[in-house]
Each structure stands twice: as C-alpha cells, then as structure tokens.
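Structural overview for review
As a plain string of letters, each chain reads:
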Amino acid sequence: TTVCYNETFCCHASYSMTDMLPTISYHLLAYRGERGLAHDTYWMDIELCGLVLCEGDSCVIEPLEGQEQEVFQYLQLSATYSTSFVIPSILDWSGRLPDWDKIEYSAGTNKEEGVEVVLA
C-alpha cells in the first residue's frame, strides 16, 4: 500500500495481521509541510509517514474494545525523506517506545531522491 502527499512525499506499508475485526481499519498517512513549535513561535519543515487505527470514520489514540485481539504478524513502513536528519519513532498504546531490539531499522542515501528509511 502506498499513499502520497501532493505527489511529493510517499509512504509505503506492507503488513499482515491476525484476527482483524470488521469494524477496525488502519490508515496510512503521508505529510510534508510545516509545523509550529512553542505556540507557533518557531516553524520547521516535517515529513511524516505513519499508520493509525480507525473505527468507522473515527481515528483514535486509545485502544478500542476488542482491538487487543489484533496482532501485526509483520509490519514494514518505508519512505524516502528529503533530509538525512530522520528521527524514527514508534509508540505502543501506553505511549512508551517499544523494545528496539525487536525492530529492524535501515537507512540508505540516494543523492537524487533523498534518504530511504525502513522500519520493520
């Protein structure tokens, strides 16, 4: 699955799951733009590739009833960033970072396209 923001920044996902509930879906995000910091005093360019959980038309930040039954057997996210300054992050439902020993991370530079980052 691939989604692009203004055809300038694309995010790719590959995954398999167990016991997927019919009311729950996952949406792939791609965004390139500015973000205001410190009450919009400072602005910085960001590129974001992510996967969010949704139920119907509502995307949430807390687990849904029954969602704990779903398990990603495999999940890979990748994108080609325009900068070499890339900070990958993954959060579980508690808001904590996961055990990075269980996550594969790779980055490669292509002068024409930027930096490709893969999390698996």
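An account of the accompanying structure is given in this report. Quick caveat: nothing in here was measured; it's all calculated off a predicted structure. (Residues numbered from 1 in each chain as written. Predicted model: local features only at pLDDT ≥ 70, side-chain atom pairs only at ≥ 80, totals over all residues. Heavy atoms only, no water.)

Scanning the protein chain from N- to C-terminus turns up zero helices and eight strands. In the protein chain, the succession of α and β elements from N to C terminus is β-β-β-β-β-β-β-β. Residue burial in the protein chain is summarised as follows: out of 120 residues, 25% are buried. Put simply, of all contacts in the protein chain between residues at least 6 apart along the chain, 58% involve residues at least 24 apart. Counting only carbon and sulfur atoms, one obtains 51% of the accessible surface of the protein chain, whose full area is about 8,700 Å². (Helix = DSSP H or I, 4+ residues; strand = E, 2+ residues; numbered from the N terminus. Buried < 20%, exposed > 50% of the residue type's maximum accessible area, 1.4 Å probe, protein only. Contact = heavy atoms within 4.5 Å. Areas by Shrake-Rupley, 256 points an atom, 1.4 Å probe, with all protein chains shown as cover.)

For Gly108, the position within the fold is in strand E7 (residues 105–110). With ten residues separating them along the chain, Gly108 and Val118 place their C-alpha atoms 9.0 Å apart.

So, about the state of the cysteines. With the rule as written, the count across this model stands at two disulfides. The disulfide bridge from Cys4 ends at Cys10, spanning 2.0 Å between sulfur atoms. Between Cys4 and Cys10, the S-S torsion sits near 105°, and that sign places the bridge as right-handed. Shown here is the disulfide that connects Cys11 with Cys49, its sulfur atoms set 1.7 Å apart. One quick way to see it: the torsion about the S-S bond of Cys11 and Cys49 is about 45°, and its sign makes the bridge right-handed. Note that Cys11 is positioned in strand E2 (residues 9–18) and Cys49 in strand E4 (residues 42–55), a separation of 38 residues in sequence. Residue Cys11 shares its accessibility class with Cys49, and that shared class is buried. (Disulfide = S-S within 2.5 Å.)

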